[in-house]
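# Working through the structure, step by step
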Amino acid sequence: MLKTNDKEWELKDGVLTIYDGEVFDIEWYHELGYREELSCCKDIIKVVLPEGLKKIPHRIFENDCNLKDINIPNSVGSIDSHAFSGCESLKSITLPDNLKTIDENAFSWTGLKSITIPENVEEIGYLAFTSTGLKSVIIPENVKEIGSGAFSNCQDLSKVIIKNNQLTTIPPSAFGECESLKEITIPESIKCIDSHAFGGCKSLEEITIPESIEWISFKAFYLCKSLKEITIPATAHCRINASAFEDCVNLKKVILGAGVDVVEYDAFKNCKNLKRIDFANDAPIIWHGTFDGVPDDAVIGYMGREINAKDLRELVVNIEKEGRFVTLSEESTFQRLFPRPLFDDFPTVEEQVGYPVKLSEKEIDYFLAKKEKEKKPEKKKAVYRGR
């Protein structure tokens, strides 16, 4: 039996039993782990916590690599940062119904295979479940905030359901590098799919974009190699940021609703199997690099007209050269990420990605008519030779 601050702890046969629910005393545990009395935290296989405990403190069981079993009493409302991070033998855990906060890195790099997130949870922190063995996740309705990278690099994660109607953003890298992810349900409350949110999800075959969407951010679906079709609903007012669908090499069909008014440079770069993309907006803004790496014969549908990707790139470059580009009220992604040159001779933003250009029926009709005229051979004038 061990005593700390007149509180009793017991480590017997790999089971650590804590007899008092005062958080202050529980926080001494990690220091005890390096004392001669406990030998090493690696001896602990199971932990029994007392009812009345309000939170699992910061780093308390971090890297306890042999910890396999822990009871968390229903009185616990918060699991603090790194509380179980690195507990690689921890395969499952039952979270209490009263839990409201799962802080940053709380379960990162653990052996977790499954988790049920209680209905009362409101916040899931930065990298909370990164690099775990989770296979499926249901995010309940009361979750108001998910931290960046919360479920990133979960290589076995194949299914995600977001039931929430309060969540407005899927944060940066939330599910990034989840290479087995095939299915995700996104609620109608989502307005922003942030940068790298699904980047590297190589098994993601389909995704339904909600009507509430306003922003698909930088590399949001980068390297989603199994994605075959994307539809942005007709009622969604949405901007597609740079490289949003870059390297989606099996993407074949894209339908952009009337509210999609800006499609930034490299948005569909290296979509090598893209067959068709349709714009419903009557004056979308694009860059000449928006479709770099797309097959030259891919069809761009616009206001009842069709133009191939090669010709569209040429058209945009021509408009740029003639100085008929537009000025956006908001900076492009590149300008936000790199607001000034790194060196004096570093190319400007415009030199690297070009200027934004607004498509119009007039521009396309003029360009197609000119191309058609160039195809027709000039008639040779008859020469009078006399008798």
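Before reading further, recall that the structure is shown in the block above.
A brief report on the enclosed structure follows. (Residues numbered from 1 in each chain as written. Predicted model: local features only at pLDDT ≥ 70, side-chain atom pairs only at ≥ 80, totals over all residues. Heavy atoms only, no water.)

## Some thoughts on the pairing of strand β20 (residues 260–263)
Threshold: Only when DSSP finds a minimum of two bridges between them are two strands counted as paired. Working definition: helices are DSSP H or I runs of at least four residues, strands are E runs of at least two. Numbering for both runs from the N terminus.
Pairing of strand β18 (residues 238–240) with β20, which is carried by 3 bridges, proceeds in the parallel orientation. Considered in β20, the bridge of I240 is made with V263.

## A closer look at the side chain of E264
Spelled out, the test is: In protein, a polar contact means a hydrogen-donor-capable atom and an acceptor-capable atom, both N or O and within 3.5 Å, with residues adjacent in sequence counting only if both atoms are side-chain atoms; elsewhere, any N or O pair within 3.5 Å suffices.
Assignment of secondary structure puts E264 in the loop between β20 and β21 (276–279). Polar side-chain contacts of E264 include one of 3.5 Å to the side chain of N241.

## Section: the sheet that holds strand β12 (residues 159–162)
Let me state the cut-off plainly: To get an axis, a line is fitted to the C-alpha atoms, and for a helix only the part in contact is used. The angle between two axes follows their N-to-C directions and goes from 0 to 180 degrees.
Spatially, β10-β12-β14 is the arrangement adopted by the 3 strands of the open sheet, whose pairing is parallel. The open sheet is flanked by β10 (136–139) and β14 (183–185), the only strands paired with a single partner. When strand polarity is set aside, the average angle formed by the axes of neighbouring strands in this sheet is 5°. As judged from the 4 bridges shared by β10 and β12, these two strands associate in the parallel manner. Bridge assignment links I138 to a residue of β12, and that residue is I161.

## A few points about a positive patch on the surface
To be explicit about the condition: Exposure above 30% relative accessible area and no salt bridge define the residues that can form patches, which grow by joining like charges within 9 Å and nonpolar side chains of Val, Leu, Ile, Met, Phe, Trp and Tyr within 5 Å. Areas reported here follow the Shrake-Rupley algorithm with a probe of radius 1.4 Å; residue values treat only the protein chains shown as occluding. Should a side-chain nitrogen of Lys or Arg be within 4 Å of a carboxyl oxygen of Asp or Glu, the pair is scored as a salt bridge. His is not counted, nor are the chain ends; Lys and Arg add positive charge and Asp and Glu add negative charge. Every charge is mapped to an atom, namely NZ of Lys, CZ of Arg, CG of Asp or CD of Glu.
Residues K68, K91, K113 and K135 make up a contiguous surface patch of positive charge. If you trace the backbone, K135 turns up in the loop between β9 (123–124) and β10.

## Here's the deal with the sheet that holds β20
Read across the sheet, 7 strands follow the order β13-β15-β16-β18-β20-β22-β25 without closing on themselves; strand pairing throughout is mixed. Single-partner strands in this sheet number two, and they are β13 (169–170) and β25 (357–358).

## Some remarks on the nonpolar core
This is how it is decided: Within this scheme, the nonpolar core is defined by two criteria: the residues are buried Ala, Val, Leu, Ile, Met, Phe, Trp, Tyr or Cys, and they are joined through side-chain atoms within 4.5 Å. With a 1.4 Å probe rolled over the protein chains alone, any residue whose accessible area is under 20% of its type maximum counts as buried; one over 50% counts as exposed, and the rest are partly exposed. Two residues form a contact once any of their heavy atoms are found within 4.5 Å.
Within the largest apolar cluster, 99 residues are counted, with the highest numbers of intra-cluster contacts made by I56, F84, F151, F175, F198, F221 and F268. Counting residues per element, this core draws most heavily on helix α3 (residues 309–321), at 5 residues. In this structure, F198 is in contact with I170, F175, L181, I184, I186, I193, I207, A220, F221, Y222 and C224, ignoring residues within four places of it in sequence. Listed in part, the 6 residues of the second largest apolar core include A242, Y265, I285 and V326.

## Some details on the state of the cysteines
Applicable threshold: Disulfides are defined in this document as cysteine sulfur pairs within 2.5 Å.
Enumeration over the complete set of coordinates arrives at 0 disulfides. C154 takes part in no disulfide bond, and the closest cysteine sulfur, belonging to C178, lies 5.0 Å away.

## With respect to unusual backbone geometry
The backbone of N105 sits at a positive phi, close to 60°, despite the residue not being glycine. Checked against the element boundaries, N105 lands in the loop between β8 (101–102) and β9. Assessed through its relative accessible area of 5%, N105 is described here as buried.

## Looking at the side chain of D266
Tracing the chain through its elements places D266 in the loop between β20 and β21. No salt bridge is formed by the buried D266; the nearest opposite charge belongs to K269, separated by 4.2 Å.

## Re the pattern of salt bridges
Two side chains that carry opposite charge are able to pair once their charged atoms sit near each other. Enumeration according to the criterion identifies 14 salt bridges in this entry. When the shortest N-O distance is used, the salt bridge between K55 and D80 registers 3.4 Å. With a gap of 25 residues between them, K55 in strand β5 (residues 55–56) and D80 in the loop between β7 (78–79) and β8 connect regions that are remote in the sequence. Note on K55: relative accessible area 28%, which makes it partly exposed.

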